[in-house]
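Structural overview
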Amino acid sequence: MSDTITKGPEAPSGDNGEKGAAKAQKPERVASLWSDALRDLRRNPVFIIGAVLVFCLLVISAVPQLFTDGSPFAGGACDLDNSLKRPSAEHWFGFDVQGCDIYTRTIWGARNSVTVGVLTTLTVTVVGSLLGLLAGWKGGIVDSILSRFTEIFFSIPLLLGGMLIMSMLGTGNAYTVSLVMAVLGWPQIFRIMRASVLANKNNDYVMAARALGAGSGRITFRHILPNAIAPVIVVAAISLGVYIGAEAALSYLGIGVQPPQISWGLMISDAQPRFLNAPHVLLFPAAVLSITVLAFIMLGDAVRDALDPKLR
């Protein structure tokens, strides 16, 4: 009886072997806070819905002509014969008391409201982040002076302070409202950035960079800032919707954006006395305002969940 030798599967050779080895050695994914957050955001339906709504609002505010044929500033845009007419197939939102098409005014009113929100958020984020970064990194007398100075503004409520300043100015537009709210809103970002810098500046990677001879500027902007900015981004995204709501409140009170400019707050203010007789005059701009604020809050909540490791 002859011995039987059982051969195992032969290892691939040549080009096939190289291809098999390449498939077997998959590159390792480099994990980081930002890459993990981006991956989570792509899978989050709340973020997707909020991002789509925000994108649409930005496009509407930038080029309202794409969404309506008329202009509320054109001659003959309003006709008293159409006063308080209800929605129809031709005019989806109906007419206000002056006979102006509410849909057209709502589309064009997005520009002032979104402009105020974006400008205010950018200003408070830049100013608050830089001052908070300086206070947290330098510490000592610099931190004490900036913190005491910040507490003066932080003690003033945003809406109440805005009402006081805007009433003194007398006239307002999107830029003055943005400036006033930025003056009152930056302390919140300052305190968040300062606390984040204090929590990060004694970490091992900072000590290593300092031991290797890196200067203060390089450590601050290459190591501290990228790791401390995450909570600031979250608060800024949520606050954008808050600033849009605050602008609407100021305009509603008659001390924000002034006619002949258009704002959702102004439209709601004009519609209030006629709500019982013509509810559509108030409901449509109020609904658009609510959706806008909700979209930015949804976006901010999704970003917060993605950037907070404790919620993973």
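Rules used in this analysis
- Residues numbered from 1 in each chain as written.
- Predicted model: local features only at pLDDT ≥ 70, side-chain atom pairs only at ≥ 80, totals over all residues.
- Heavy atoms only, no water.
- Disulfide = S-S within 2.5 Å.
- Helix = DSSP H or I, 4+ residues; strand = E, 2+ residues; numbered from the N terminus.
- Buried < 20%, exposed > 50% of the residue type's maximum accessible area, 1.4 Å probe, protein only.
- Salt bridge = Lys/Arg side-chain N within 4 Å of Asp/Glu carboxyl O.
- Polar contact = N/O pair within 3.5 Å; in protein donor to acceptor, adjacent residues only side chain to side chain.
- Contact = heavy atoms within 4.5 Å.
- Phe/Tyr/Trp six-rings, centres within 6.5 Å; stacked < 30°, edge-to-face > 60°.
- Lys NZ or Arg CZ within 6 Å of the ring centre and 35° of its normal.
- pLDDT = per-residue confidence, 0-100.
- Core = buried A, V, L, I, M, F, W, Y, C linked by side-chain atoms within 4.5 Å.

Turning our eyes to something else, we now look at the state of the cysteines. Applying the stated criterion to the full structure yields 1 disulfide. Across a sulfur-sulfur distance of 1.7 Å, Cys 78 and Cys 100 are joined as a disulfide pair. Disulfide Cys 78-Cys 100: torsion about the S-S bond near 100°, hence right-handed. Within this pair, whereas Cys 78 is found in the loop between helix H3 (45–62) and helix H4 (102–138), its partner Cys 100 is found in the loop between H3 and H4, the two being separated by 22 residues in sequence. With relative accessibility at 5%, the residue Cys 100 sits in the buried group.

Going through the model one piece at a time under the given rule, you end up with 4 salt bridges. With a shortest N-O distance of 3.7 Å, Asp 301 and Arg 304 are connected by a salt bridge. Taken as a pair, Asp 301 and Arg 304 lie in helix H12 (residues 280–307) at a separation of 3 residues, close to a single helical turn. Its relative accessible area of 37% is what places Arg 304 among the partly exposed residues.

Attention now moves to the side chain of Ser 251. With respect to the element layout, Ser 251 can be found in helix H10 (residues 230–252). Among the polar contacts listed, one links the side chain of Ser 251 to the side chain of Glu 247, at a separation of 2.7 Å. In this structure, Ser 251 is in contact with Gly 256, Val 257, Ser 263, Gly 265 and Leu 266, ignoring residues within four places of it in sequence.

The geometry of an aromatic ring pair is captured by two quantities: the separation of the ring centres and the angle between the planes. Applying the stated criterion to the full structure yields 8 aromatic pairs. Measuring from ring centre to ring centre gives 5.9 Å for Phe 73 and Trp 108, while their planes differ by 85°; the resulting arrangement is edge-to-face. On the criterion of sequence distance, the pair formed by Phe 73 in the loop between H3 and H4 and Trp 108 in helix H4 is long-range, its members being 35 residues apart. When its relative accessible area of 13% is taken as the criterion, Trp 108 is described as buried. An aromatic cluster of three or more residues is present, and its members are Trp 92, Phe 93, Tyr 103 and Phe 284. The cationic tip of Arg 191 hangs over the ring face of Phe 154; the distance from NZ or CZ to the ring centre is 4.5 Å.

Our focus in this paragraph is helix H11 (residues 264–271). Among the 8 residues that make up H11, 6 are buried, leaving the element largely enclosed by the rest of the structure. Three or more residues of H11 are buried, namely Trp 264, Gly 265, Leu 266, Met 267, Ile 268 and Ala 271. Elements that come into contact with the buried residues of H11 comprise H3, H4, H10 and H12. Its side-chain oxygen placed 3.3 Å from the backbone nitrogen of Gly 265, Ser 263 serves as the N-cap of H11.

Another point: the confidence of the model for the chain. Interpreting fine coordinate detail is not advised for predicted regions of low pLDDT. In the predicted model, the chain carries a mean pLDDT of 82, and the fraction of residues at 70 or more is 88%. The low-confidence segment residues 19–24 (pLDDT under 50) makes 0 contacts with residues lying over four places distant or belonging to another chain.

Now for unusual backbone geometry. Pro 259 connects to Pro 260 through a cis peptide bond whose omega is 10°. In this structure, Pro 260 sits in the loop between H10 and H11. The backbone of Leu 84 shows a phi angle near 60°, a positive value even though the residue is not glycine. With respect to the element layout, Leu 84 can be found in the loop between H3 and H4. With relative accessibility at 27%, the residue Leu 84 sits in the partly exposed group.

Time to look at the nonpolar core. The biggest cluster of nonpolar side chains holds 32 residues, and the ones touching the most others in it are Met 193, Val 197, Ile 219 and Ile 224. By residue number, the principal contributor to this core is helix H7 (residues 174–200), which donates 11 residues. Among all residues touching Ile 219, those that are not within four sequence positions of it are Trp 137, Val 206, Ala 209, Arg 210, Ala 214 and Ile 224. Grouped together as the second largest cluster of nonpolar side chains are 25 residues, Trp 264, Val 281, Leu 282 and Leu 289 included.

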